[in-house]
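# An overview of the molecular structure
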Amino acid sequence: MKFGVLVFPGSNCDRDILWVTQGLLNQPTRMIWHEESDLSDIDVVVVPGGFSYGDYLRCGAIARFSPVMRATIDHAKAGKLVLGICNGFQVLTEAGLLPGALVRNRDLHFICDRVPVRVERTDLPWTQGYESGQVIELPIAHGEGSYYADPDTLKALEDNGQVLFRYSDATGNITTESNPNGSLNNIAGICNQQGNVLGMMPHPERASDQALGQVDGLALFEGILKAVPTLV
C-alpha cells in the first residue's frame, strides 16, 4: 500500500508519518508538496500535523485551497483513504471532507500532553486493530482542538456512528474531567459517512515507535495495511 504525505509550508509532523509508514512498516511513501496535484499513484493520503501556511487567518483555512487538497478531495470522492491528524483534521473540516470545526481550546491554552482515548467502533480500516471500547493513550498538541458542530450535525455524527475516538478517563468513562479541550461529546476523532476519511486531534504517529516508550498508535497504521485500497 502506497502512502502519500502532504507537505505544506509549516508542516512539522510529516517526517513523523514517514518514519512510521516507511521506516517501521516498510511501506512505499511519497512526500507530496502542496503545489502538486497528481495523486494517482497513492492509496492513502495523510494530511499531517503542524501549522500549514502558519495557520494565518484560521487553522487549515489557507491549506484548504492548495492544489494538493483539490486532488485530495477527488481522492476521497473516489473512495480512497484519507487521514488527517491535528492540523490535518482542521484542514479536512475546512475542505468540507468532514463536518464541524475545530475551535479554540476551552481554557484558551495550548495543550501538550498524553491523554486516554476510547475507541468507539472497530469495523473500519482505521480501528480494526483495536477492540471496541479499548482505551489507548495518545499524545495531543494543539491550541484549537475543541471539536464543534451544530446540534443537527452532532446528532447525525452520533446516529451514524461517525465518532471513532472519544476522550475518556483511563477506565473508559466519558467525563468532563477527561475532556482536555472542551470538544463536544468528548470527540477526539470522526470519519465521514462512507468511512474512508478520518480526522483526529491526537497523534497516533507519535505513539508508534517502541523507542518512544509508547505504541498505542501503531495499530491504527497496521489496520490500514489490512484494508483494500478503496472502500467502494
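First, a word on scope: everything that follows refers to the structure included in this document. Quick caveat, the model's predicted, so the values are computed rather than measured.

## So, the packing of aromatic side chains
Across all of its chains, the model carries 2 aromatic pairs by this definition. Where Phe8 meets Tyr53, the ring centres are 5.9 Å apart and the plane angle is 50°; that geometry is what we call tilted. Pair noted here: Phe8 is in the loop between β1 (3-7) and α1 (14-24) and Tyr53 is in the loop between β3 (44-47) and α2 (67-77), with a separation of 45 residues, a long-range link. Comparing Phe8 with Tyr53 shows no difference in burial state: the two are buried. Both rings, one in Phe89 and one in Tyr147, keep their centres 6.2 Å apart while their planes meet at 10°; by these two values the pair is stacked. With Phe89 in helix α3 (residues 87-94) and Tyr147 in strand β8 (residues 146-148), the pair connects residues that are 58 residues apart, well separated along the chain. Comparing Phe89 with Tyr147 shows no difference in burial state: the two are buried. For Arg64, the ring lying beneath its charged end belongs to Phe65, and the centroid distance is 4.6 Å.

## A short note on the sheet that holds β3
Ordered in space as β2-β1-β3-β4-β11-β10-β9-β6-β7, the 9 strands form an open sheet in which the pairing is mixed. Each edge of the open sheet carries a strand with a single partner, namely β2 (29-33) and β7 (135-142). Along the sheet, successive strands turn relative to each other by an average axial angle of 25°, direction set aside. Strand direction decides the pairing type here: strand β9 (residues 163-167) and strand β10 (residues 187-191), joined by 3 bridges, are antiparallel. What sits directly across from Phe165, in β10, is Gly189.

## Quick word on the pairing of strand β11 (residues 197-200)
Taking every second residue as pointing to the same face, both faces of β11 are buried, with Val197 and Gly199 on one and Leu198 and Met200 on the other. Where strand β4 (residues 81-85) and β11 come together, 4 bridges link them in parallel fashion. From the neighbouring strand, Val82 faces β11, where its bridge partner is Val197. Judged from the 3 bridges that link them, β10 and β11 form a sheet pairing that is antiparallel. Each bridged residue has a counterpart across the sheet, and for Gly189 the counterpart in β11 is Met200.

## Focus on the environment of Ala95
Along the polypeptide, Ala95 turns up in the loop between α3 and β5 (101-103). Those residues within four positions of Ala95 in sequence are excluded, and the remaining contacts are Arg64, Met69 and Ile73.

## Considering helix α5 (residues 218-225)
Within α5, 6 of the 8 residues are buried, which leaves the element mostly enclosed by the surrounding structure. When α5 is considered as a whole, its buried residues turn out to be Leu218, Ala219, Leu220, Phe221, Gly223 and Ile224. In this structure, the buried residues of α5 make contact with β1, α1, β3, β4, β9 and β11.

## Looking at unusual backbone geometry
Residue Tyr53 is not a glycine yet carries a positive backbone phi of 55°. On the basis of relative accessibility, which here comes to 19%, the residue Tyr53 falls in the buried class. With a phi close to 60°, Asn186 is a non-glycine residue in the positive phi region. Here Asn186 lies in the loop between β9 and β10. In this structure Asn186 comes out as buried when scored by relative accessible area, which is 8%.

## So, the pairing of β4
A regular strand carries its side chains on alternate faces of the sheet. When you tally the buried positions in β4, you get 5 out of 5 residues, the bulk of the element. Residues of β4 alternate between two faces, with Leu81, Leu83 and Ile85 on one and Val82 and Gly84 on the opposite face, all of them buried. As defined by bridge partners, β3 adjoins β4 across 4 bridges and the pair is classed as parallel. Bridge assignment links Val44 to a residue of β4, and that residue is Leu81. A crossover connection joins β3 to the parallel β4 through α2; in handedness this β-α-β unit is right-handed.

## A look at the side chain of Asp14
Topologically, Asp14 is positioned in helix α1. Polar contacts involving the side chain of Asp14 include one to the side chain of Arg15, which spans 3.0 Å. Discounting residues that sit within four places of it in the chain, Asp14 has contacts with Val5, Leu6, Val7, Met31 and Pro48.

Basis of the calculations
Residues numbered from 1 in each chain as written. Predicted model: local features only at pLDDT ≥ 70, side-chain atom pairs only at ≥ 80, totals over all residues. Heavy atoms only, no water. Phe/Tyr/Trp six-rings, centres within 6.5 Å; stacked < 30°, edge-to-face > 60°. Helix = DSSP H or I, 4+ residues; strand = E, 2+ residues; numbered from the N terminus. Buried < 20%, exposed > 50% of the residue type's maximum accessible area, 1.4 Å probe, protein only. Lys NZ or Arg CZ within 6 Å of the ring centre and 35° of its normal. Pairing = 2+ DSSP bridges. Axes fitted to C-alpha atoms, helices over the stretch in contact; angles between N-to-C directions. Contact = heavy atoms within 4.5 Å. Right-handed = clockwise from strand over helix to strand, strands pointing away. Polar contact = N/O pair within 3.5 Å; in protein donor to acceptor, adjacent residues only side chain to side chain.

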